[in-house]
Each structure stands twice: as structure tokens, then as C-alpha cells.
Amino acid sequence: MRDDAHILAVDIGASSGRVMLGRWDGSHIALEEVHRFANGMVERDGHLFWDVNRLWREIQTGVRRYATWENQALLVSIGIDTWAVDYALLDEHGALIGDPYAYRDPRNEGIAELVDAIIPPEELYERTGLQRLPFNTLYQLYAERDGSRLAAAATLLLMPDLFHFWLTGTRVAEYTNATTTMLLDARQRAWAIDLLERLGLPTHILPPLVMPGLRLGPLLPEVQNAVGLHRPIEVIAVGTHDTASAVAGIPGLDAHSAYISSGTWSLVGVERAEPLISAEARQLNVTNEGGVYGAIRLLKNVSGLWLLQECQRRWNEEGRRLTWDDIIAQAEAAPPLRSLIDPDAPEFLAVGDMPARIRDYCRRTGQLVPETVGEIARCCLESLALRYQQVIEALERLTGQPITTVRIVGGGSQNTLLCQLTAEACRRTVVAGPTESTALGNILVQAITMGYFPDLATARQVVAASAPQRVYTPREGTAR
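Given the structure is predicted, the values throughout are model-derived calculations rather than measurements.

Caption draft 1: Structural detail: the sheet that holds strand β20 (residues 429-432). Strand order across the open sheet formed by seven strands is β17-β18-β16-β15-β19-β20-β21, with mixed pairing between neighbours. Unpaired on one side and paired on the other, β17 (287-290) and β21 (470-472) mark the two borders of the sheet. The sheet shows a mean angle of 30 degrees between the axes of neighbouring strands, taken without regard to direction. Pairing of strand β16 (residues 265-272) with strand β18 (residues 296-303), which is carried by eight bridges, proceeds in the antiparallel orientation.

Caption draft 2: Spotlight on the side chain of Ser437. Its place among the elements puts Ser437 in helix α17 (residues 437-449). Ser437 sits in the buried class, given a relative accessible area of 0%. Beyond its immediate chain neighbours, meaning those up to four positions away, Ser437 contacts Ser245, Ala246, Gly249, Val409 and Gly410.

Caption draft 3: How the structure looks around the pairing of strand β15 (residues 257-262). Extensive coverage of β15 is indicated by the burial of six of its six residues. The alternating pattern of β15 places Ser257, Tyr259 and Ser261 and Ala258, Ile260 and Ser262 on opposite faces, both of which are buried. Pairing geometry for β15 and strand β19 (residues 405-409), over five bridges, is parallel. Within β19, the residue paired with Ala258 across the bridge is Val406. The sheet contact formed by β15 and β16 spans four bridges and is antiparallel. Directly across from Ser261, in β16, lies its bridge partner Leu267.

Caption draft 4: Structural detail: the state of the cysteines. Within this structure, the stated rule accounts for zero disulfides. There is no disulfide at Cys379, and the cysteine sulfur nearest it, in Cys362, is 4.4 Å away. Residue Cys426 stays outside any disulfide, its sulfur separated by 11 Å from that of Cys419, the closest cysteine.

Caption draft 5: Quick look at helix α3 (residues 121-128). Here α3 has its buried residues at Leu124, Tyr125 and Thr128. For α3, the angular spread of the buried residues around the axis is 95 degrees, confining them to a single face. Packing partners of the buried residues in α3 comprise α2 (111-116), α4 (137-143), β10 (184-185), α8 (193-198), α11 (279-284) and β17. Directly beyond the C-terminal end of α3, a positive phi value near 70 degrees is found at Gly129.

Caption draft 6: Spatial organisation of helix α18 (residues 456-466). Among all positions in α18, only Leu456, Ala459, Arg460, Val462 and Val463 are buried. End-on view of α18: buried residues confined to an arc of 155 degrees, all on one side of the axis. At its buried positions, α18 is contacted by β2 (16-24), β3 (29-38), α10 (242-248), β16 and α17. Capping of α18 at its N-terminal end is provided by Asp455; its side-chain oxygen lies 3.4 Å from the backbone amide nitrogen of Ala457.

Caption draft 7: A look at the pairing of β3. Relative to β3, β2 is paired through nine bridges, and the arrangement is antiparallel. Counterpart to Met20 in the pairing with β3 is Glu33. Where β2 hands over to β3, the hairpin turn is made up of four residues, of which Gly26 adopts a positive phi near 105 degrees.

Caption draft 8: Expanded view of the sheet that holds β3. Pairing in this open sheet of six strands is mixed, and the strands run β3-β2-β1-β6-β14-β13 from one edge to the other. Each end of this open sheet is capped by a strand with a single partner; those strands are β3 and β13 (215-218). Taken over all neighbouring pairs, the strand axes of this sheet differ in orientation by 20 degrees on average, direction set aside. In the packing of helix α1 (residues 52-69) onto the sheet, contacts are made with β1 (5-12), β2, β3 and β6 (75-82), and the angle to β3 comes to roughly 140 degrees.

Caption draft 9: Fine view of the side chain of Ser303. Checked against the element boundaries, Ser303 lands in strand β18. With a relative accessible area of 7%, Ser303 lands in the buried category. Not counting chain neighbours up to four residues away, the residues in contact with Ser303 comprise Thr264, Trp265, Ser266, Pro343, Asp344 and Leu384.

Caption draft 10: How the structure looks around the environment of Arg57. Following the sequence through the fold, Arg57 ends up in helix α1. For the pair formed by Arg57 and Ala117, sequence separation is 60 residues and the distance between their alpha carbons is 42 Å.

Caption draft 11: Seen up close, the packing of helix α12 (residues 306-317) against helix α15 (residues 373-399). Relative to each other, α12 and α15 sit at 165 degrees, their axes nearing to 10 Å. With respect to each other, α12 and α15 are oriented roughly antiparallel. Judged by the twist between their axes, the crossing of α12 over α15 is right-handed. Of α15, the residues touching α12 (which contributes Leu307, Leu308, Cys311 and Trp315) are Val373, Ile376, Ala377, Cys380, Leu381 and Leu384.

Caption draft 12: Seen up close, the packing of aromatic side chains. Under the definition given, this model contains 10 aromatic pairs. Here Trp56 and Trp166 contribute two aromatic rings whose centre-to-centre distance is 5.6 Å and whose plane-to-plane angle is 55 degrees, an arrangement assigned as tilted. Placement of Trp56 in helix α1 and of Trp166 in helix α6 (residues 159-168) is noted, with a sequence separation of 110 residues between them. We note that Trp56, like Trp166, is buried. Three or more aromatic residues joined by ring pairs make a cluster, and in this case those are Trp50, Trp83, Tyr103, Phe135 and Trp265. Across from the ring centre of Trp306, 3.7 Å away, lies the NZ or CZ of Arg104, which sits over that ring. Its end group placed over the ring of Tyr101, Arg107 keeps NZ or CZ at 3.8 Å from the ring centre.

Rules of the game
Residues numbered from 1 in each chain as written. Predicted model: local features only at pLDDT ≥ 70, side-chain atom pairs only at ≥ 80, totals over all residues. Heavy atoms only, no water. Pairing = 2+ DSSP bridges. Helix = DSSP H or I, 4+ residues; strand = E, 2+ residues; numbered from the N terminus. Axes fitted to C-alpha atoms, helices over the stretch in contact; angles between N-to-C directions. Buried < 20%, exposed > 50% of the residue type's maximum accessible area, 1.4 Å probe, protein only. Contact = heavy atoms within 4.5 Å. Disulfide = S-S within 2.5 Å. Arc of directions from axis to C-beta. Polar contact = N/O pair within 3.5 Å; in protein donor to acceptor, adjacent residues only side chain to side chain. Parallel < 35°, antiparallel > 145°, perpendicular 65-115°, else oblique. Left-handed = near helix turned anticlockwise from the far one by under 90°. Phe/Tyr/Trp six-rings, centres within 6.5 Å; stacked < 30°, edge-to-face > 60°. Lys NZ or Arg CZ within 6 Å of the ring centre and 35° of its normal.

Right, dumping it as C-alpha cells:
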């Protein structure tokens, strides 16, 4: 086996996607962005969907671009990760039954309460170990239980599994993403068939579960030809939930560390060997999701940069054309701690006029109402930092394990103001980076499967040597 290799990671989030090249030279991994593309929900007939056919074309464009730029002889494998919970339905011939619904679609409203009447929430948590979120896959499926799409379905595939199927022809459900669905028994690590049966949902549509690191097969010949590759390339099931890949790519993650995978969502958690399912965990609404190589990600979903993304979208519609740097600079100049919101309040979940919703929340709660871009942005970032503090302290109490370091990865790790505010609020050292931990975690699992690293611990050490990190400490007077 050669010391040098190329590995392609396709990483698609709720707002953007990219094809990333990992260059392994025998001691370091260098990342290069091959192709970046926008993603977003498409509104049609009062519902929100994902245009997966466009995303599929973008994936092929990225691989094709690599094929024209690089030495193809070095390419060893490809793996895909995406956001969680959303799914595609295929008919008996493997054809897509319409565009998949997006998790923010209004059809989910009130569905959790209907499910509660059949399966008590305490029982559902005991079996699945998942936090209660209105868009969990179980609730989405129940929302369309009587629809024509579900009646015609032969297979359900989560988003990365759909793209892997189109690459290889293999229909499977990769474990880490399957654990986000509320369709899986957390302890048995198998589909909770009896729960679906009690809800009158079809169980024959669930594909076989596979673990990260499995070789799904080579590219289909027609795909290989379409993207301009000269030979079959292995497709690897990575941690296909983007947070699973992000956590896999965190160097230094240990029993005294919490992580924040910071993007459209903020996933705040700790890594464990086994699920933690208890009455206290359910009361805190924390979730047990699968990690790579048997790990459990005990975490909580916190609304993340979505708040500012929606604000930016609204400001741009108004003609302000503000960049992220503009927004953060104005937030830094704004006075601190004038007003705060609950980032997870229901009114901030849906697409809409986010600045107006933030002002309404502050007005309703008797606070100073933020008016300027800087005031609103500062309100969002300070509120996120304080929410991180609440969740980290709750995890510390729940696990009985002291947390001394907060490791922020993903796009939010580049937001210096948010990182410093998090250090202040949490009264802990913050280590920010790598920014591309999701792509790196995706690549690490592929590299382990292909024999370049013996285990994840070794691979994480390579990340520490390959990717920059920045340390933030609480300023005097706020240290723990």
C-alpha cells in the first residue's frame, strides 16, 4: 500500500455542501475544497422539500472536477455524510417517490402529541434514548402515514444512504444516522420494529443496518463513467450523520471534554461508551446518538447559527447585503448583555422574519428591544453562549464527570466572538477547531477502512498534527 493517498469526503449540511479532498502524505492530512454548492429547502404548495436530484448533480460535479484536476491513481475511496432525520422513499423499482420533505415542514406540527396518545413519551425515550424534537423521523413518518407516498414505498433511505445507493446500488441504513430517527432501539442497536407496528407504520421499508467503516462496493459503472474516473473506486459508509463525522474528527476529545459541533445547529455533548437513559436524562431532553466504532454521542440539539443565517437572509432581502464579517464586527461593537432570548424557543424554528421574532420575544419578556444589526447579532451570540453553559453543566451533573474543556468544531469555530463568549459563559477553556472536523472525520473512517490508520485514536492524533486550533480562556473575573 502506498504511503500517499487521496480520499474524497462529500459533506452536505442544511445550508451548503462540498466535496473535500483529503491528501494523506504518510504523516499529515491536507484538506482542499474541490467543489462547494448551496443547499436549502424548496417551498412548494405550502410544504418544504429538499431538491435531492440537484444535490446528486452537485456531488457528481465535485467528483468530476476532482477527476480533471488530480492524479486519479491516488484516489482510494469516497464517503458521504449529511444532516440527519430526513428521508427519501423509493418504490419497488428503486425510483424516488417525490422530493423528500424537509424537517422544518409544517406538517410536523402537533404530530408528537398524536404519537404520545399511542406510545407514552416515557416509553419512547426508554427505548430510543432520543430527545423529543418535533421533526424526528418517527414523527415525520406518522405525519404521512395515510398518504400515497408511504403506501407506494418499498424502501426508506436517509439522505446519505440515498446518495450511497445512487453511487453503488446498495440499499442500507448506516447506523449513526439511523440513531437520530427515533426508529432504533438504543440499547439493542436495532430497528424498534414493534414501535412502528403499534403506530401502524410499515416496517418492510427499513433497510439493513450497517456500521461505519463498511465497504458498500465500487461505484456503479455508469456513475464511474459519468464522473470521468478511469477505474472503480470504493464507497465507504462513514459516520453518515454529519455530527458523527464531526465528533470523529475532534483531536483531544476525552472524558473531561465537551464538544460543540457548531453550524446551522449546535450539537453540544460528550462522548461515551454506552447510552445513558434515565428519568433525569429524559427530563433534560438529552439524546443518545451513535458515534463511529461503537461510541455514543450523549448530546443536546441547540439552535445554532441558523438564527443569524435567517437574520442575514432577511437583511439581504431588505437590501443591506451584509457579509458575515460585517455582522460579527457590528456585534462586537454592540453593548453587551442588553437582551437575551431562548435560542430553542419554538418561534425561532421556522423560516421567516427572524429579526422581528427576536424583537417580539424581547418585547414580550420585558427586555430592551434590540434594533440594530449589531444589537440583534450580539443578542443571538450571547444567548447561544449562555445556552451552551446550561447544557454543559447539565451534562456534567448527569454523567458525574467533570468537564474542563469545551471543544468547538465546524463553521462556528471560526466565529471568534462566539468562541470567546462561550469561554466566558462556560467559565472553561475553549479549544476551537478544526473548522473542517466533519470532512476530516469522514476521511478518517475511510482511511481506517482502507488500512492507513489502525484505529480512531491514532487517526485523531494525525488531525491534531494536521489542522490548526485556537485556545480561548475566560477573562479575569470569570474563570472557574
